[in-house]
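Listed below, chain by chain, are the residues.
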Amino acid sequence: MYLRSINLCRHYKRGTYIVKALDDVSAEAHRGEFLSIVGSSGSGKTTLLNLLAGLDTPTSGVVEFNGASLTGMSRRERSAYRAHKVGMVFQSFNLISHYTALQNVETALLFNDTSPKQRKMLAASMLEQLGLADRLTHRPADLSGGEQQRVALARAIVKKPEILFADEPTGNLDFENTSQIISLLKSLNSDGLTIVLVTHNLEMANTHSHRIIKMRWGKISEEDDMHSHEGTKQ
Ligand SMILES: Nc1ncnc2c1ncn2[C@@H]1O[C@H](COP(=O)(O)OP(=O)(O)O)[C@@H](O)[C@H]1O
Ligand SMILES: [Mg+2]
């Protein structure tokens, strides 16, 4: 199994009661697939994604990547997983506002053994690939939302991760920029990148993913394999 969660729980204490943000979730992502996690606001999508990406630690349960438990890893090993295996994009882009597009992308390579010169070259070439060749020295405030998300995407993939986690990456974008980001994700996926996309847009998930996990109240409510669907439609 590539990436999976086993009986994953994430509980928050709020005053005297406990919020079960994630409640006994066992799920998996296969290598090379385009998986969507769909659910309404507050259903636990971000909580699940952050646990799978090693950004957060569960209350109980396990996340396994290539058979190794993230929770069993040392802090150092878990940082290595985040730095090398995982790329992330967020709804709000999360770019550093006083850095240029190029500098933002370069930050992703600080954990690798790349020289400053190499970093600059790799970052520039990634931005060029995403159609931002003439935006290298722009700061986020001088870029459109779609451009900012492409910079964030460049930052996420410049280190050549195995998995891309995208948390509502098109939530702040208009129709045109949404289509552009989604087709970039699809083309990255065709090149072998595993994609886990969180969205509340079921139609988008239906159209573009191989498989959908639906969440409700911190639990998986349904799983949908798009291919088996096609098989039963005819
Ligand atoms: N740091 C936190 N402290 C307390 N409650 C939280 C925290 N993060 C998330 N929650 C709660 O957990 C539930 C799931 O949140 P989240 O995973 O962000 O949902 P989604 O991404 O599907 O909108 C919500 O009820 C939310 O309020
Ligand atoms: Mg969320």
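Reference entry: report on the structure contained in this document.

Rules used throughout
Residues numbered from 1 in each chain as written. Chains lettered and ligands numbered in written order. Predicted model: local features only at pLDDT ≥ 70, side-chain atom pairs only at ≥ 80, totals over all residues. Heavy atoms only, no water. Pairing = 2+ DSSP bridges. Helix = DSSP H or I, 4+ residues; strand = E, 2+ residues; numbered from the N terminus. Axes fitted to C-alpha atoms, helices over the stretch in contact; angles between N-to-C directions. Contact = heavy atoms within 4.5 Å. Buried < 20%, exposed > 50% of the residue type's maximum accessible area, 1.4 Å probe, protein only.

**Considering the sheet that holds strand β2 (residues 17–29)**
Reasoning step 1: One open sheet accounts for 4 strands, arranged β2-β1-β4-β5; its pairing is antiparallel. Sheet topology places β2 and β5 (68–69) at the edges, where each strand pairs with a single neighbour.
Reasoning step 2: Both strand β4 (residues 60–65) and β5 contribute to a ladder of 2 bridges, which runs antiparallel. When the sheet's bridge partners are listed, F65 is paired in β5 with A68.

**A word on the sheet that holds strand β7 (residues 163–167)**
Reasoning step 1: Overall, mixed pairing links the 6 strands, which are arranged β6-β7-β8-β3-β9-β10 in an open sheet. Of all the strands in the sheet, just β6 (86–90) and β10 (219–225) have a single pairing partner and so form its edges. Each strand axis lies, on average, 15° off the axis of its neighbour in the sheet, ignoring direction.
Reasoning step 2: Packing of helix α1 (residues 45–52) onto the sheet brings it into contact with β3 (34–38), β6, β7, β8 (194–199) and β9 (211–216), and relative to β7 it is tilted by some 155°.
Reasoning step 3: Against the sheet, helix α6 (residues 175–190) makes contact with β3, β7 and β8, and its axis sits at roughly 155° relative to β8, the strand it touches most.

**Overview of the environment of L127**
Reasoning step 1: On the secondary structure map, L127 appears in helix α4 (residues 116–129).
Reasoning step 2: Exposure remark for L127: the relative accessible area of 0% places this residue in the buried category.
Reasoning step 3: Placed 85 residues apart in sequence, L127 and G42 show a C-alpha to C-alpha distance of 33 Å.
Reasoning step 4: Beyond its immediate chain neighbours, meaning those up to four positions away, L127 contacts A101, L102, V105, L132, A133, L136, V151 and A154.

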